[in-house]
Amino acid sequence: NTSFTAKTNTRKLFETVLLKNFEGQGIDSMKAVTKDLYPDLGFVGSRGFKYYALQIRDVVMNNYPELAEDIKTIQAHIESHPGISKPELAGYVKPFIEKYGENIDIVV
């Protein structure tokens, strides 16, 4: 692992790892988190951001057990409520974001 001692926005990290927007638009969250955690990365298209989002997800799920459990809980909620709206999902995820604070330090 390479540490960039980077902090990234917790909400955007959740959106990136879940590949599901609940406040952001399009790939904005993926783009912001990828650039925070890989600052030397050059131009990346939307497929590239999805690739890095999956890489970040793997790191989080394998190296941050408490965060991984929360992500699994949110993912299960999404799967059990397939028609959940963005505002409803944002409300559900809010306590998880508050648990970690506005920004979170992740090492990739």
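Up top you'll find the structure we're talking about.
Worth saying up front: this structure is predicted, and the values here are computed from it rather than measured.

1. With respect to helix α5 (residues 86-100)
Line of reasoning, step 1. With 15 residues, α5 extends 21 Å from end C-alpha to end C-alpha; this agrees with the ideal 21 Å at 1.5 Å per step.
Line of reasoning, step 2. Approximately 40 degrees is the largest bend angle found in α5, and it occurs at V93, with the proline P95 only one to four residues beyond.
Line of reasoning, step 3. Of the positions making up α5, those classed as buried are L89, A90, V93, F96 and I97.
Line of reasoning, step 4. For α5, the secondary structure elements touched by its buried residues are α1 (10-18) and α4 (65-80).

2. So, the pattern of salt bridges
Line of reasoning, step 1. Summed over the entire model, instances satisfying the criterion amount to 6 salt bridges.
Line of reasoning, step 2. As a salt-bridge pair, E15 and R11 come within 2.9 Å of each other at their nearest N and O atoms. With E15 and R11 both in helix α1 and 4 residues apart, this pair spans about one turn of that helix. Considered together, E15 and R11 belong to a single accessibility category, that of buried residues.
Line of reasoning, step 3. Close ionic contact of E66 with K99 constitutes a salt bridge, the shortest N to O distance being 3.1 Å. With a gap of 33 residues between them, E66 in helix α4 and K99 in helix α5 connect regions that are remote in the sequence.
Line of reasoning, step 4. A relative accessible area of 48% places E66 in the partly exposed class.
Line of reasoning, step 5. Residues joined in a network through salt bridges with shared partners are R11, E15 and E23.

3. Some details on the packing of aromatic side chains
Geometry of an aromatic ring pair is reported as the spacing of the ring centres plus the angle between the planes.
Line of reasoning, step 1. Scanning all chains against the criterion turns up 4 aromatic pairs.
Line of reasoning, step 2. Ring geometry for Y92 against F96: centres 5.8 Å apart, planes inclined by 50 degrees, an arrangement best described as tilted. You can see Y92 and its partner F96 sitting in helix α5, 4 residues apart, about one turn around the helix.
Line of reasoning, step 3. With a relative accessible area of 26%, Y92 lands in the partly exposed category.

4. Focus: the nonpolar core
Generally speaking, soluble globular proteins have nonpolar side chains that are buried together.
Line of reasoning, step 1. Ranked by internal contacts, the top residues of the largest apolar core, which has 24 residues, are L13, F14, F22, I56, L67, I74 and I106.
Line of reasoning, step 2. Element by element, the count of residues in this core is highest for α5, at 5 residues.
Line of reasoning, step 3. Not counting residues up to four positions away in its chain, the partners in contact with I74 are F14, L18, L89, Y92, V93 and F96.
Line of reasoning, step 4. With 5 residues, the next largest nonpolar core counts M30, V44, Y52 and A53 among its residues.

Analysis parameters
All chains use their own residue numbering, which begins from 1 and follows the written sequence. Note on the predicted model: pLDDT of at least 70 is required for a residue's local features to be given, and 80 or more for side-chain atom pairs to be given and counted; whole-chain, interface and lining totals, by contrast, use all residues. Each side-chain value is worked out from all heavy atoms of the structure, with water and hydrogens disregarded. A helix here means a DSSP run of H or I that spans at least four residues, while a strand means a run of E at least two residues long, and both kinds are numbered starting from the N terminus. Every helix has an expected span of 1.5 Å times one less than the residues it contains. To get the bend at any residue, fit one axis to the seven residues that end at it and another to the seven that begin at it, then take the angle between the two axes. Categorising residues by exposure relies on relative accessible area from a 1.4 Å probe, with only protein chains included: less than 20% of the type maximum marks a residue as buried, more than 50% marks it as exposed, and the intermediate range marks it as partly exposed. Here, residues are in contact when the closest pair of their heavy atoms is within 4.5 Å. We define a salt bridge as a contact between a side-chain nitrogen of Lys or Arg and a carboxyl oxygen of Asp or Glu at a distance within 4 Å. Ring geometry is summarised as follows: Phe, Tyr and Trp rings, the Trp one being its six-membered ring, pair when their centres sit within 6.5 Å, and such pairs are stacked at plane angles under 30 degrees, edge-to-face over 60 and tilted between the two. In this description, a nonpolar core means a group of buried Ala, Val, Leu, Ile, Met, Phe, Trp, Tyr and Cys residues linked to one another through side-chain atoms lying within 4.5 Å.

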